[in-house]
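# Structural overview
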Amino acid sequence: MVTFFIRRTIGAALMLFVVSISTFLIFFGLPRLAGATPETFAARYLSRTADAHAQQVFAEKLGFYDPLWLQYWNWIKAVFVGTDYDYGTGIEHCAAPCFGYSFRTNHAVWDDLVDRLPVTVSLTVGASILWLLTGVAVGVLSALRKGSFFDRAAMTGALAGVSLPPYFTGLMFLYFFSYQFDLTAPGGTYVNFTDDPGEWAYSLILPWITLAMLNAAAYARFTRAGMLDTMGEDFIRTARAKGLHERVVVTKHGLRAALTPIITIFGLDVGLLLGGAILTESTFGLKGLGYFAIDAINKQDFPQIMGVTMFAAFFVVVANLIVDMLYAVVDPRVRLS
Amino acid sequence: MNTVISPRQDPTARSFLELRDLKIHFPTDDGVVKSVDGLTFSLERGKTLGIVGESGSGKSVSSLGILGIYHRGNAKVSGEIWLDGQELVGASPETVRGLRGKRMAMIFQDPLSAMHPYYTVGDQIIEAYRVHHKVSKKVARKHAIDLLARVGIPQPDRRVDDYPHQFSGGMRQRAMIAMALSCDPELLIADEPTTALDVTVQAQILDLMRDLQQEFNSALIIITHDLGVTAELADDVLVMYGGKCIEYGTATEIFENPEHPYTWGLLGSMPRLDQPVTERLLPIKGTPPSLINVPSGCAFHPRCAFDGRTDGASDTVVPELQLTGTSGHRVRCHMPAHVRQQIWLNEIKPTLEGTGGLAVADMSALPSASEEHSEETA
Ligand SMILES: Nc1ncnc2c1ncn2[C@@H]1O[C@H](COP(=O)(O)OP(=O)(O)OP(=O)(O)O)[C@@H](O)[C@H]1O
Ligand code: SF4
Ligand SMILES: [Mg+2]
């Protein structure tokens, strides 16, 4: 069991390493093939009026003349131990984890990311709980009453839920609930949980529902299929033959087995969302990581893009790792192999 | 009808277990599946009934029906099931649930899929015990260990915490038996308890079941494809075909004076009549009947070599299960008893003894095997 965990952790670290190399190459390797020079890289940090000499000096200072592997090494080293930037006017220390500075705002990328994180985490946690509970509940009921009116209505609703994009449902919700009926917070509102938990939930309820709807629908279908499968298993027949109450048969024996694969996709979905729920965040004007990423991409702010990419990759890889370990805890057959 | 069914006309003097005209039908999109269509038999404590028949003849559905598993859901159950004076078909689902696992228990065919992969063997036995007995976990665990020891699992106090996949096939079946025995059931149904096991383990499990039955004095129903198993364990034998009983009698009668052509076919697949069997049943020519469109008349007629000897009755009239000879032997066939006995003595028995098996020659003289009846899915 312990070696299993160690193996998986090493695997996760390797994965992040590969992602970091790819990210680095995309932004610093590929442009070279396309004809970019150290000077053009440096130019991004300077005003448009800076002359060729200034560019060279700056490229030298930022290490753009170094071989690629050294540049990569410095980039990674900064993440772990921090680094000093010499802008000529003075040395600036960037503490670990250092992802550099934005081209445009000169803010440290890491600080910006950490700033945005609470918004995305709030959105993800609320929405994921909502969709997990409703999706699984609806899926189980549908499976147990297969073919009933409830089942058909739920599955039709689920189909609609999966097919409607969040910017459509989100805008509809905003229009009706916030602007017509004045029940919920208008777009762009966000209050820190620590400032006022009530306001926090109030400001997030529509984004939660919007995001949850999308996934709840998928989870309902998934749970229903899993439950139908499981309830046909031999061990369910055995559980009934023992004289267990039907409630116990369904939950302890049926749901327990059907939920295992759902835990997997749930972990991955949450990990993915922690890197930023781009559509939902944009629709509701929530300044989370997704919003940040879109903004950085639009503005071609490479340090920001790289930072947010690594950040998102980190969440996905960690979620994967947690899911793997959970799986081993949940399914004894995995434990031994 | 009177001549047909119950061995006992007096409704008050019942056997420990008694089925009367049990029917279990499943309405499906393709039509009604008549999995069990009028099953009647009785069984006393301490006795063993063997139910044999091909795949899809309704053996498992009958046994699950006795346990009341089809009470809810979309199955149509009719007839009567009497367990120790209590009628179960009309009883409330909750009443039957209270009996299930406690007074009547079941051993399933494939113990790997029949046990929950996520719970330890011990937990599953403890659960079976505690649902019917209000005892602490500790007491139940002690009971589980005792049971595992009783069914011959070495180091039961350690193996109790193992998961089913950590057991070998034979051990799993023992654990399954321990689970079924956890509440000292008076009726034990074993649905192909040895099919998934290799030959030596099969023999051990059968021995174990025989011992346990004597120890607990339970009524045992053993369901199998394998007449050899039946020959070893059963006092009475019931042969099922297409959801119906087509021959019923003491084991001696069935093995020495079988009167139904289908039973002859089954016997033909045994290596030797008087020896324990180690080989699986060889399929009788043709396919088992559809349970949705059961062949008219005698359900076996498309595969029967003798349907020509009944003046056409086989194709149109459903034969009744009629007494033949003494000792409650019953057969569902239009041929007169003396004709059947003659065919057995003169045509079938010699070939069986002569070749030591594979004597389905008579059956293969059959009119075309019924493809049109083969849409049944298992
Ligand atoms: N829930 C159900 N709905 C519809 N049909 C069913 C259902 N359960 C069983 N059947 C049908 O009933 C028939 C009898 O099945 P059963 O399992 O009793 O056969 P069996 O004699 O035990 O066969 P085997 O030897 O293969 O175990 C089969 O044709 C099966 O398809
Ligand atoms: S009734 Fe006719 S078809 Fe059926 S078993 Fe007897 S002889 Fe064969
Ligand atoms: Mg069966």
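Residues numbered from 1 in each chain as written. Chains lettered and ligands numbered in written order. Predicted model: local features only at pLDDT ≥ 70, side-chain atom pairs only at ≥ 80, totals over all residues. Heavy atoms only, no water.

### Some remarks on the overall build of chain A
For chain A, the helix and strand inventory stands at 14 helices and two strands. Based on the C-alpha atoms only, the size of chain A along its principal axes is roughly 85 × 60 × 40 Å. When the 337 residues of chain A are sorted by exposure, 44% land in the buried category. Of the accessible surface of chain A, which amounts to about 17,000 Å², a share of 67% is contributed by carbon and sulfur atoms. Of the side chains in chain A, 24 bear a positive and 25 a negative charge, and the two mean positions are spaced by 15 Å. (Helix = DSSP H or I, 4+ residues; strand = E, 2+ residues; numbered from the N terminus. Buried < 20%, exposed > 50% of the residue type's maximum accessible area, 1.4 Å probe, protein only. Areas by Shrake-Rupley, 256 points an atom, 1.4 Å probe, with all protein chains shown as cover. Lys, Arg positive; Asp, Glu negative; His and termini not counted. Charge placed at Lys NZ, Arg CZ, Asp CG, Glu CD.)

### Here we look at the UniProt feature "domain: ABC transmembrane type-1" (unreviewed entry) in chain A
According to UniProt, the "domain: ABC transmembrane type-1" (unreviewed entry) feature falls on residues 117-327 of chain A. Spanning residues 117-327 of chain A, this segment combines 82% helix with 0% strand, and its end C-alpha atoms are found 27 Å apart. (UniProt positions renumbered as here; feature names shortened; annotations may be inferred.)

### Focus on the UniProt feature "transmembrane region" (unreviewed entry) in chain A
Residues and elements named next belong to chain A. Following the UniProt record, one finds the feature "transmembrane region" (unreviewed entry) at residues 12-30, 119-144, 156-180, 200-222, 257-279 and 305-330. Secondary structure over residues 257-279 splits into 87% helix and 0% strand, and the C-alpha atoms at its two ends are 33 Å apart. End C-alpha atoms of residues 305-330 are separated by 37 Å, and the span's content is 100% helix alongside 0% strand.

### Comments concerning the site of ligand 2
In the vicinity of ligand 2, the residues found are His260, Pro261, Cys298, His301, Cys304, Phe306, Asp307, Thr310, Ser314, Cys333, His334 and Met335 of chain B. Within the shell around ligand 2, the residues separate by chemical class into six nonpolar, five polar and one charged. (Near = heavy atom within 4 Å. Nonpolar A, V, L, I, M, F, W, Y, C, P; charged D, E, K, R; others polar.)

### Concerning the sheet that holds strand β2 (residues 31-43) of chain B
Residues and elements named next belong to chain B. Within the open sheet, the four strands sit side by side as β2-β1-β4-β5. Their pairing is antiparallel. The open sheet has two edge strands, β2 and β5 (86-87), and neither has a second partner. Judged from the seven bridges that link them, strand β1 (residues 17-28) and strand β4 (residues 76-83) form a sheet pairing that is antiparallel. Across the sheet, residue Ile24 finds its bridge partner in β4, namely Val77. Helix α1 (residues 59-66) contacts β1, β2 and β4 of the sheet and is inclined by roughly 115 degrees relative to β1. (Pairing = 2+ DSSP bridges. Contact = heavy atoms within 4.5 Å. Axes fitted to C-alpha atoms, helices over the stretch in contact; angles between N-to-C directions.)

### So, the interface of chain B and chain A
Taken residue by residue, the interface counts 26 residues in chain B and 23 residues in chain A. Summed over both partners, the interface of chain B with chain A comes to about 2,400 Å²; 59% of that surface belongs to carbon and sulfur atoms. Summed over the shared surface of chain B and chain A, the number is two salt bridges. Note that Glu127 of chain B is salt-bridged to Lys252 of chain A, the shortest N-O span being 3.0 Å. Elements supplying a minimum of two residues to the side of chain B that touches chain A: α2 (93-99), α3 (111-114), α4 (121-130) and α7 (169-181) of chain B. Top contributing element to the side of chain B that touches chain A by residue count: α4 of chain B, with three residues. Here the side of chain B that touches chain A is built from residues that sort into 14 nonpolar, seven polar and five charged. (Buried area = accessible area lost by both parts, 1.4 Å probe. Salt bridge = Lys/Arg side-chain N within 4 Å of Asp/Glu carboxyl O.)

### Notes on the site of ligand 1
All names here are of chain B. Near ligand 1, the surroundings consist of 17 residues, among which Ser35, Ser55, Gly56, Ser60 and Val61 are the closest. Val61 is positioned such that a nitrogen or oxygen atom in its backbone is 2.8 Å from an oxygen atom of ligand 1. Isolated, ligand 1 exposes 640 Å² of accessible area, and the fraction of that covered by the protein chains is 74%. Looking at the shell around ligand 1, the elements that each hand over two or more residues are β2 and α1. When residues in the shell around ligand 1 are grouped by element, the largest group, three residues, is from α1. Here the residues of the shell around ligand 1 sort into five nonpolar, eight polar and four charged. (Polar contact = N/O pair within 3.5 Å; in protein donor to acceptor, adjacent residues only side chain to side chain.)

### Describing the confidence of the model for chain A
Across chain A, pLDDT averages 87, with 98% of residues at or above 70. Here helix α14 (residues 332-336) of chain A stands out as the element of chain A with the lowest mean pLDDT, 74, in contrast to helix α9 (residues 234-241) of chain A, whose mean of 95 is the highest. (pLDDT = per-residue confidence, 0-100.)

### Remarks on the state of the cysteines
Residue and element names in this part refer to chain A. The tally for this structure, following the rule as stated, stands at one disulfide over all chains. Here Cys94 is linked by a disulfide to Cys98, with a sulfur-sulfur distance of 2.1 Å. Around the S-S axis, the bridge from Cys94 to Cys98 shows a dihedral of about 110 degrees and counts as right-handed. Under the relative-accessibility criterion, Cys98 is labelled buried at 1%. (Disulfide = S-S within 2.5 Å.)

### Concerning the sheet that holds strand β8 (residues 219-224) of chain B
Two pairing modes exist for strands in a sheet, parallel and antiparallel, and in both the strands are linked by backbone hydrogen bonds. Residues and elements named next belong to chain B. Pairing is mixed in the open sheet, where eight strands are placed in the order β6-β7-β8-β3-β9-β10-β12-β11. The outermost strands of the open sheet, each flanked by one partner alone, are β6 (104-107) and β11 (321-323). Averaged over all adjacent pairs, the angle separating strand axes in this sheet is 20 degrees, with direction ignored. Direction of pairing for strand β3 (residues 48-52) relative to β8: parallel, over a ladder of five bridges. Opposite Leu49, over in β8, you have Ile221 as the bridge partner. Together, β3, β6, β7 (187-191), β8 and β9 (236-241) form the strand contacts of α1, whose direction differs from that of β7 by roughly 155 degrees. In the packing of helix α11 (residues 261-268) onto the sheet, the strands contacted are β3, β9 and β10 (244-250), and the crossing angle to β9 comes to about 105 degrees.

### Some points on the nonpolar core
All names here are of chain B. The biggest cluster of nonpolar side chains holds 82 residues, and the ones touching the most others in it are Leu17, Phe41, Ile66, Leu187 and Ile221. Examining the composition of this core, we find that eight residues originate from one element, α7, more than from any other. Here Ile221 is in contact with Leu17, Phe41, Leu43, Leu49, Ile51, Ile66, Leu187, Leu188, Ile189 and Ala190, once residues within four sequence places are set aside. (Core = buried A, V, L, I, M, F, W, Y, C linked by side-chain atoms within 4.5 Å.)

### Thoughts on helix α8 (residues 197-231) of chain A
Residue and element names in this part refer to chain A. With 35 residues, α8 extends only 41 Å from end C-alpha to end C-alpha; this falls clearly short of the ideal 51 Å at 1.5 Å per step. Taken as a whole, α8 carries its principal kink of about 45 degrees at Leu204; the proline Pro207 stands between one and four residues after it. The residue sitting at the N-terminus of α8 and contributing the capping side-chain oxygen is Asp196; that oxygen lies 3.0 Å from the backbone nitrogen of Gly198. (Expected span 1.5 Å × (residues − 1). Bend = angle between axes of the 7 residues up to and from the residue.)

### Observations concerning the pairing of β7 of chain B
Residue and element names in this part refer to chain B. Of all the five residues making up β7, five are buried; the element is thus mostly covered by neighbouring parts of the structure. Pairing of β7 with β8 involves five bridges; the strand directions are parallel. Bridging from a neighbouring strand, Leu187 pairs with Ala219 of β8. Traced from β7 through helix α8 (residues 199-216) to β8, the parallel crossover comes out right-handed. (Right-handed = clockwise from strand over helix to strand, strands pointing away.)

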